[in-house]
Amino acid sequence: MDSKEKKYNVDSFNLDHTKVVAPFVRLASRKEGPKGDVITKFDIRFAQPNKEFMTTGAIHTLEHLVAEYIRDEMEGVIDFSPMGCRTGFYFTLFGDNDEEYVAKHLLNVLRKVAVWDKAVPATTETECGNYRDHDLEGAKLWASKWVSGIEAKGWNCYK
């Protein structure tokens, strides 16, 4: 869809959610700043839109684990934040990155999350704004589902 066809300013609002197959990694946008910095934003989808969604506890725990440990895998991480629809995350990075590169590194982190047996980082009252709302078992389940899906079909949302 070219810019003339876009109905909304928000990229994801223009995505036909009925045509994608989760899990996937999709380049949502690429921006170049006034000083030439490139920022890429990815749609990291875990749940099939309008068919399933993650509980708040599971998505919250995934956010804590991935946001902390993706920085050990990749440089230039800006943010890993949950979508309001609770079907996935937005992942923002410095640099001209592509879906396959992101999927490869995210796969490494989510394999670890799927079998996580340690404490979830930053889950105290002083470290987290909703520290009681975590679900490690739910996070492990969604991480495992994402890993299995990506390994079976690849990272692309239209496969």
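Here the residue index of a chain counts from 1 through its sequence in written order. Confidence filtering applies because this is a predicted model: local features only for residues at pLDDT of at least 70, side-chain atom pairs given and counted only at 80 or more, and all residues used for totals across whole chains, interfaces and linings. The side-chain quantities take in all heavy atoms of the structure and omit both hydrogens and water.

J.: What should I look at first to understand helix 3 (residues 99-114) in this one?
T.: Between its first and last C-alpha, helix 3 extends 21 Å over 16 residues, near the 22 Å set by a 1.5 Å rise per residue. For helix 3, the complete set of buried residues consists of Val102, Ala103, His105, Leu106, Leu107, Val109, Leu110 and Val113. By definition, residues are in contact when any of their heavy atoms lie within 4.5 Å. Starting at the N terminus, helices and strands are each numbered in turn, a helix being any DSSP run of H or I of at least four residues and a strand any DSSP run of E of at least two. Residues of helix 3 that are buried in the fold lie against strand 1 (24-32), strand 2 (38-45), helix 2 (56-73), strand 4 (88-94) and helix 4 (136-153). Expected helix span is computed as 1.5 Å times (number of residues minus one). Partly exposed describes any residue whose relative accessible area lies between the buried limit of under 20% and the exposed limit of over 50%, with all areas from a 1.4 Å probe on protein chains only and scaled to the type maximum.

J.: Quick question: what am I supposed to make of the environment of Arg71 here?
T.: Relative to the assigned elements, Arg71 resides in helix 2. In this structure, Arg71 is in contact with Val77, Ile78 and Asp79, ignoring residues within four places of it in sequence.

J.: Looking at this structure, I do not really get the packing of helix 2 against helix 4. What am I missing?
T.: When two helices pack together, their arrangement is given by the angle between the helix axes and the distance between those axes. Where helix 2 contacts helix 4, the axes come no closer than 7 Å and their chain directions differ by 75°. Our classification of the angle between helix 2 and helix 4 gives roughly perpendicular. Between helix 2 and helix 4, the contacting residues are Ala58, Thr61, Leu62 and Leu65 on the first element and Leu136, Gly138, Ala139, Trp142 and Ala143 on the second. Residue composition of the contact of helix 2 with helix 4, by class: seven nonpolar, two polar and no charged. Under this scheme, a helix contributes an axis fitted over its contacting stretch, all axes are lines through C-alpha atoms, and angles between N-to-C directions fall in the 0 to 180 degree range. Angle categories are assigned with fixed cut-offs, so that under 35 degrees is roughly parallel, over 145 is roughly antiparallel, 65 to 115 is roughly perpendicular, and the rest are oblique. Residues are grouped as follows: Ala, Val, Leu, Ile, Met, Phe, Trp, Tyr, Cys and Pro are nonpolar; Asp, Glu, Lys and Arg are charged; all remaining types, including Gly, are polar.

J.: Sorry, what's going on with the environment of Arg26 here?
T.: Along the chain, the position of Arg26 falls in strand 1. A residue is classified by how much of its surface remains accessible, and Arg26, at 10% relative accessible area, is buried. C-alpha of Arg26 to C-alpha of Ser12: the two residues are 14 residues apart in sequence and 10 Å apart in space. If we skip the residues at most four places from it in the chain, Arg26 touches Asp11, Ser12, Leu15, Lys41, Phe42, Asp43, Glu99 and Cys157.

J.: How should the nonpolar core be read in this particular structure?
T.: General note: in soluble globular proteins, nonpolar side chains tend to be found buried as a group. In this structure, Ile44, Phe46, Leu62, Phe91, Leu110 and Trp146 are the most contacted members of the largest nonpolar core, which totals 34 residues. Counting residues per element, the ones that place at least two in this core are strand 2, helix 2, strand 3 (77-82), strand 4, helix 3 and helix 4. With near-sequence residues (within four places) excluded, Phe46 lies in contact with Ala22, Pro23, Glu52, Met54, Leu62, Thr87, Gly88, Phe89, Leu110, Trp142, Ala143 and Trp146. Counting five residues, the second-largest nonpolar core is a separate cluster that includes Leu15, Val20, Phe24 and Cys157. Joining through side-chain atoms within 4.5 Å is the link that ties buried Ala, Val, Leu, Ile, Met, Phe, Trp, Tyr and Cys residues into a set, and such a set is a nonpolar core.

J.: Quick question: what am I supposed to make of empty space enclosed by the protein here?
T.: Rolled over the atoms, a probe with the dimensions of a water molecule shows which regions are left empty. Note on definitions: the grid is 1 Å and covers protein atoms alone; a cavity is a set of points where a 1.4 Å probe fits but cannot get out; a pocket is an open set with protein on both sides within 12 Å along at least five of seven lines; lining residues have an atom within 4 Å of a point. Grid points are joined across faces, edges and corners, and a volume is the space filled by probe spheres set on the points. Under the definition given, this model contains one cavity of 30 Å³ or more. A volume near 40 Å³ is recorded for the largest cavity. What lines the largest cavity is simply Val10, Asp11, Ser12, Arg26, Ala28, Lys41 and Tyr90. Counting only elements with at least two residues in the lining of the largest cavity, the list comes to helix 1 (11-14) and strand 1.

J.: Where do I start with the pairing of strand 2 in this structure?
T.: The side chains of a regular strand alternate, residue by residue, between the two faces of the sheet. Burial of strand 2 is extensive: six of the eight residues sit out of reach of the surface. For two strands to be treated as a pair, DSSP must find at least two bridges joining them. Pairing of strand 1 with strand 2, which is carried by eight bridges, proceeds in the antiparallel orientation. Bridge pairing links Lys31 to Ile39 in strand 2. Remark: five residues form the turn of the hairpin made by strand 1 and strand 2, two consecutive strands paired antiparallel; Gly36 in that turn has positive phi of roughly 95°. Note that strand 2 and strand 4 share seven bridges and pair antiparallel. Looking at the pairing, Asp43 lines up with Tyr90 of strand 4.

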